[in-house]
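A look at the structure
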Amino acid sequence: MVKEMRMDLNPSSLHKRHHVFVKFVVCFLLLGLAFRLFVSDSFRFSSSVVETPTAFETNTITDSLPLSSASSSLPVQVPSSGDFLANEGQTFPNAECDLFTGDWVPDPSAPAYTNASCHEIEAHQNCMKNGRPDSGYIYWRWNPRDCELPRFDPEKFLDFMRNKAWAFIGDSISRNHVQSLLCILSQVEQAIEVYHDEEYRSKRWHFPSHNFTLSVVWTPFLLKADIFEDINGVSLSEIQLHLDKLDETWSQQYKNFDYAVIAGGKWFLKTAIYHENNTVAGCHNCQGKNLTEIGFDYAYRKALKTVLSFMMNSDHKAFIFLRTTTPDHFENGEWFSGGTCNRTGPFKEGEVDVKGVDAVMRDIELEEFEKAASNGAENGMVLKLLDTTRLSLLRPDGHPGPYRQFQPFAKDKHAKVQNDCLHWCLPGPIDSWNDLLMEMVNRGTYQ
């Protein structure tokens, strides 16, 4: 033992050990530097792809669909990691960018919610639960051509909306829209329903942790209207529409809203008798009534002019969005005559264009918006155009179709059922409307 210790004290041995020790220290430092670089890169990468679906999220979606076709329609194009980095990193794009000119691009990440994680989806739009066999329609996102559109951030949105109130004012498409927003927000905080009307068409929810109130006010004409329809949309008599009187259902609440999304819609195409100055001015599509025929375009313009004038001249300064008309995608008929919508992917550029009544209504919306925005600016009002018409037109695959009903072909695979080619599946293309809304709020706040 003593000899061995003495040999270790030999100068030549000490030199060799010193040389080995120096090599060990240098290797250790190099390994440490490499490890630090690896961890840093890994951290940056994981932060940039937080939207990539986890195993749990993927299972939630496939479990909601028949096993044989859960992934049969998934797009094959996968965005690169660079796309994710740009999308997540750019919070406030160029304010001059046109958010509404762009394309639908494949998006492999799971939607923000599913029918399993959100309980606010109306039965007619719950396409997964109702048995829709394909799922590809949920794996697309709207991509403006000149800038990035950040994904909706529910936590940031709720923080910004603390102590505020937001309303969607319009017909059942507005209700479809608010349900999409509720589902996205429910991933952060579950809303409490605090009000509904007798027919559950108008509702109000409260987010207690943020003291945020969200409402949908059902008013299909935005004006005073006497409507005589049953729950299936069958008219018992002509609608009596007062073109110079607001619907008090929403106008009396208006002062309570900090933000509001207003929209007209297809109700203006229905048979109606028009009233102005407490007298019958004419009618639309009311044969045999011996009344002056007045086109729906006159009534629609009058409605928007009346509504926007009220808002732009109000003492209450709210942040207002005018949403443009929503096109339907019925083919081979209308909703009442066997029309269907069986497409499983978006239209490509040039395959379709806005036309017919949609073009007429959108032109009116743009014209009345320009007038109202100019007048409102003088009074310090904020009016923005939520121009969803074009981007929605490109998505014929996003509707419930026959799956507005639960398992419509369970008993007979050739059954003739009514299709819904106007409203949107949830989750679905309408979720992108909320991406646009949040970006527009950001721009309005930080400009």
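Everything in this summary refers to the structure shown in the same document. Just so we're clear, the structure is a prediction, and the values are computed from it rather than from any experiment. (Residues numbered from 1 in each chain as written. Predicted model: local features only at pLDDT ≥ 70, side-chain atom pairs only at ≥ 80, totals over all residues. Heavy atoms only, no water.)

The next point concerns the overall build of the protein chain. Looking only at helices and strands, the protein chain has 11 helices and 13 strands in total. A burial count over the protein chain gives 48% of its 447 residues as buried. Accessible surface computed for the protein chain: about 23,000 Å², of which carbon and sulfur atoms make up 54%. (Helix = DSSP H or I, 4+ residues; strand = E, 2+ residues; numbered from the N terminus. Buried < 20%, exposed > 50% of the residue type's maximum accessible area, 1.4 Å probe, protein only. Areas by Shrake-Rupley, 256 points an atom, 1.4 Å probe, with all protein chains shown as cover.)

Strand pairing in a sheet relies on backbone hydrogen bonds. The paired strands run either parallel or antiparallel. Pairing in this open sheet of 7 strands is mixed, and the strands run β4-β5-β6-β3-β9-β12-β13 from one edge to the other. The open sheet has two edge strands, β4 (192–196) and β13 (382–386), and neither has a second partner. Strand-to-strand twist across the sheet, computed as the mean angle between neighbouring axes with direction ignored, equals 15 degrees. Both strand β9 (residues 259–262) and strand β12 (residues 319–323) contribute to a ladder of 4 bridges, which runs parallel. Across the sheet, the residue bridging to V261 is F321, located in β12. Lying on the sheet, helix α6 (residues 172–185) is in contact with β3 (165–170), β5 (203–207), β6 (212–218), β12 and β13; it crosses β6 at an angle near 160 degrees. Sheet strands touched by helix α9 (residues 356–378): β12 and β13. Its angle to β13, the strand with the most contacts, is close to 160 degrees. (Pairing = 2+ DSSP bridges. Axes fitted to C-alpha atoms, helices over the stretch in contact; angles between N-to-C directions. Contact = heavy atoms within 4.5 Å.)

Another aspect to go through is the packing of aromatic side chains. Taken as a whole, this structure holds 19 aromatic pairs when the rule is applied. Arranged with centres 5.7 Å apart and planes meeting at 80 degrees, the rings of W218 and W267 form a pair that is edge-to-face. Placement of the pair is W218 in strand β6 and W267 in the loop between β9 and β10 (272–276), with a sequence separation of 49 residues. What makes W218 buried here is its relative accessible area of 15%. When its relative accessible area of 13% is taken as the criterion, W267 is described as buried. Put simply, the rings of F152, F157, W166, F168, F207, F212, Y259, F319 and F321 pair up and form one aromatic cluster. In this structure, K270 is placed above the aromatic ring of W267, and the distance from its NZ or CZ to the ring centre is 4.7 Å. The cationic tip of R395 hangs over the ring face of W104; the distance from NZ or CZ to the ring centre is 4.6 Å. (Phe/Tyr/Trp six-rings, centres within 6.5 Å; stacked < 30°, edge-to-face > 60°. Lys NZ or Arg CZ within 6 Å of the ring centre and 35° of its normal.)

Our next topic: helix α8 (residues 296–312). With 17 residues, α8 should cover 24 Å at 1.5 Å per step; its first-to-last C-alpha distance of 24 Å lies within 8% of that length. For α8, every residue scored as buried is listed here: F296, A299, Y300, A303, L304, V307, L308, M311 and M312. (Expected span 1.5 Å × (residues − 1).)

What follows covers the sheet that holds strand β8 (residues 239–246). Taken in spatial order, the 4 strands make up an open sheet running β7-β8-β10-β11, and their pairing is mixed. Both edges of this open sheet fall to β7 (223–226) and β11 (279–284), since each of them pairs with a single strand only. When the angles between neighbouring strand axes are averaged without regard to direction, this sheet yields 25 degrees. As judged from the 5 bridges shared by β10 and β11, these two strands associate in the antiparallel manner. Its bridge partner being in β11, A272 is matched across the sheet by H284. Against the sheet, α8 touches β7, β8, β10 and β11, its axis set at about 35 degrees to β8.

Now for the side chain of D431. On the secondary structure map, D431 appears in helix α11 (residues 431–446). Buried and unpaired, D431 has R395 as its nearest opposite-charge partner, separated by 9.1 Å. For D431, the contacting residues outside a window of four places in its chain are Y113, S180, I184 and L426. (Lys, Arg positive; Asp, Glu negative; His and termini not counted. Salt bridge = Lys/Arg side-chain N within 4 Å of Asp/Glu carboxyl O.)

Now for the state of the cysteines. A complete count under the given rule lists 5 disulfides for this structure. Between the sulfur atoms of C283 and its disulfide partner C286 the distance amounts to 1.7 Å. Torsion about the S-S bond of the C283 and C286 cystine: about -115 degrees, corresponding to left-handed handedness. Exposure remark for C286: the relative accessible area of 7% places this residue in the buried category. (Disulfide = S-S within 2.5 Å.)

Along its 14 residues, α6 runs 20 Å from first to last C-alpha, staying within 8% of the 20 Å computed at 1.5 Å per residue. Within α6, 14 of the 14 residues are buried, leaving the element largely enclosed by the surrounding structure. For α6, the side-chain oxygen to backbone nitrogen distance between the N-cap and I173 is 3.0 Å, and the N-cap itself is D171. (Polar contact = N/O pair within 3.5 Å; in protein donor to acceptor, adjacent residues only side chain to side chain.)

Attention now moves to unusual backbone geometry. With the exception of glycine, the majority of residues adopt a negative phi angle, and the majority of peptide bonds are in the trans configuration. Look at the link from L426 to P427: it is a cis peptide, with omega at -5 degrees. The topology assignment puts P427 in the loop between α10 (389–393) and α11. For Y200, which is not a glycine, the phi torsion comes out positive at approximately 60 degrees. Within the element layout of this structure, Y200 appears in the loop between β4 and β5. In the Ramachandran plot, N211 falls in the positive-phi region, its phi being about 50 degrees despite a non-glycine side chain.

Direction vectors running N to C along α8 and α9 enclose 25 degrees, while the axes themselves pass 10 Å from each other. Relative to α9, α8 is oriented roughly parallel. With respect to the hand of their crossing, α8 and α9 are arranged in right-handed fashion. Across the interface between the two elements, F296, D297, Y300, R301, L304, K305, L308 and M312 from α8 touch V357, V360, M361, I364, E365, E367, E368, F369, K371, A372 and G376 from α9. The residue inventory of the contact of α8 with α9, partitioned by class, reads 11 nonpolar, 1 polar and 7 charged. (Parallel < 35°, antiparallel > 145°, perpendicular 65-115°, else oblique. Left-handed = near helix turned anticlockwise from the far one by under 90°. Nonpolar A, V, L, I, M, F, W, Y, C, P; charged D, E, K, R; others polar.)

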